[in-house]
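# Structural overview for review
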Amino acid sequence: MNPAQHSAAVAAETAGFVTVVKGADLSTPVPSCPGWTLADLTRHTGSVHRWFSVLLRRRIQQPPTSREVDLHLPEQPGDFPDWLAESAAESAEVFAGTDLDAPMWAWGLDQHARFWVRRMLFETLVHRADAELALGLVPHIDRVLAADGVDEFLTNLPFASFFAPQTAELRGPDRSIRFSCTDGDDTWLIRLRPDGFGLVADGTDPGAADATIRGTAADLLLLLYGRMDRESDAFQLLGDRDLLAHWFTHSAF
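What comes next is a walk through the structure. Not measured: the values here are computed from a predicted model.

This part takes up the layout of surface pockets. Considered as a void within the structure, the largest pocket measures approximately 890 Å³ in volume. Around the largest pocket sit 33 residues that line it, and His44, Arg119, Glu123, Phe163 and Phe253 are the ones nearest its centre. Those elements giving two or more residues to the lining of the largest pocket turn out to be helix 2 (38–58), helix 4 (114–134) and helix 6 (217–224). Looking at the lining of the largest pocket, its residues break down into 21 nonpolar, six polar and six charged. One number sums up the size of the second largest pocket: a volume of about 150 Å³. Elements with a minimum of two residues in the lining of the second largest pocket: helix 5 (143–156) and strand 2 (187–193). When residues in the lining of the second largest pocket are grouped by element, the largest group, five residues, is from helix 5. Here the residues of the lining of the second largest pocket are counted per class, giving six nonpolar, two polar and four charged.

A rise of 1.5 Å per residue sets the reference length of helix 2, with its 21 residues, at 30 Å; its end C-alpha atoms lie 31 Å apart and thus fit the reference within 8%. Summarising burial for helix 2: 16 of the 21 residues are buried, a large majority.

Listing the buried residues of helix 7 (residues 241–250) in full gives Leu243, Leu244, Trp247, Phe248 and His250. The backbone nitrogen of Asp242 has a side-chain oxygen 3.0 Å away, supplied by the residue at the start of helix 7, namely Asp240.

Quick look at the side chain of His6 now. Here His6 lies in helix 1 (residues 3–21). For His6, a relative accessible area of 5% corresponds to the buried category. In terms of polar contacts, His6 uses its side chain to reach the side chain of Asp148, at 2.8 Å.

Criteria and cut-off values
Residues numbered from 1 in each chain as written. Predicted model: local features only at pLDDT ≥ 70, side-chain atom pairs only at ≥ 80, totals over all residues. Heavy atoms only, no water. 1 Å grid on protein atoms, 1.4 Å probe; cavity = no way out; pocket = protein on both sides within 12 Å on 5 of 7 lines; lining within 4 Å. Points joined across faces, edges and corners; volume = space filled by probe spheres on them. Helix = DSSP H or I, 4+ residues; strand = E, 2+ residues; numbered from the N terminus. Nonpolar A, V, L, I, M, F, W, Y, C, P; charged D, E, K, R; others polar. Expected span 1.5 Å × (residues − 1). Buried < 20%, exposed > 50% of the residue type's maximum accessible area, 1.4 Å probe, protein only. Polar contact = N/O pair within 3.5 Å; in protein donor to acceptor, adjacent residues only side chain to side chain.

In C-alpha cells, the structure reads:
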C-alpha cells in the first residue's frame, strides 16, 4: 500500500469506528484494553489523530520534547464519537497539505512523513476492532490492509523498546519465526540474534524456520496486537512452542 491508500484508509477506518461507537453505551468496558471503557478508547484514538497531525504540521526532525497538544476535547463523553470524526477530518486536511515522502523524524524505520500516516492507520484499525469486540461484534479487516498491518508491526517492533521495554528480551542464538498467511502468499520471517531481532528482508526464504504460525492476514494482525490467542483454532502452530511463547511474552506493543 502507498501513502495515498493509507490516508484514504485512515478516513475509512475512523468512519467505521465512529459508526460502531455512536449510540453505544460509552461506559462499556473494553476487554482487549483492560481498564478502558469505550469512552476511553474513543478519546485515545482521537488524541492520537490530533497529536500525529501536530507532528506532521511541524515536520519535526528530532524527537519531540513535549506531548502537550490542545485536543479540543468535548465537555460531555457522549460527544466523543463526533469529536473523533472531527479529529479524522483534521488529519485528512493535514495529509492533503503534506508531502508524505518528505524526510521527517519517526520512531520507526521509515524516516519520512508517511510513517505517521501508516502508524495512525493501524492504531485506528486495531482500536476499531477493540470497539467491535467490546460490543460483541466480529471485526472484519480487509486482507490487503491486514497484510500491510502485519508488515508495519513487524518492521517497526525492533525500534519500539522505549515504550515497549520487554522487546529488548527478544534475543536468541540465530532463531527464527515465520508468520505466513493462509489466504495469500504473504510471509514474514523474524530472526532473533544475540544482539536483537529484526525482519529478514526476503521473508520468502524457503529455509525452514524454528517456529511458524499460519493464519489469515486479519487473524495474524489481531494476534500480533494481542487481540487473539495463538492457541485458537484460527492458527496452525509449527515448530518450537517455547520460542513462540518467548516471542508473545515479550512482543506486546
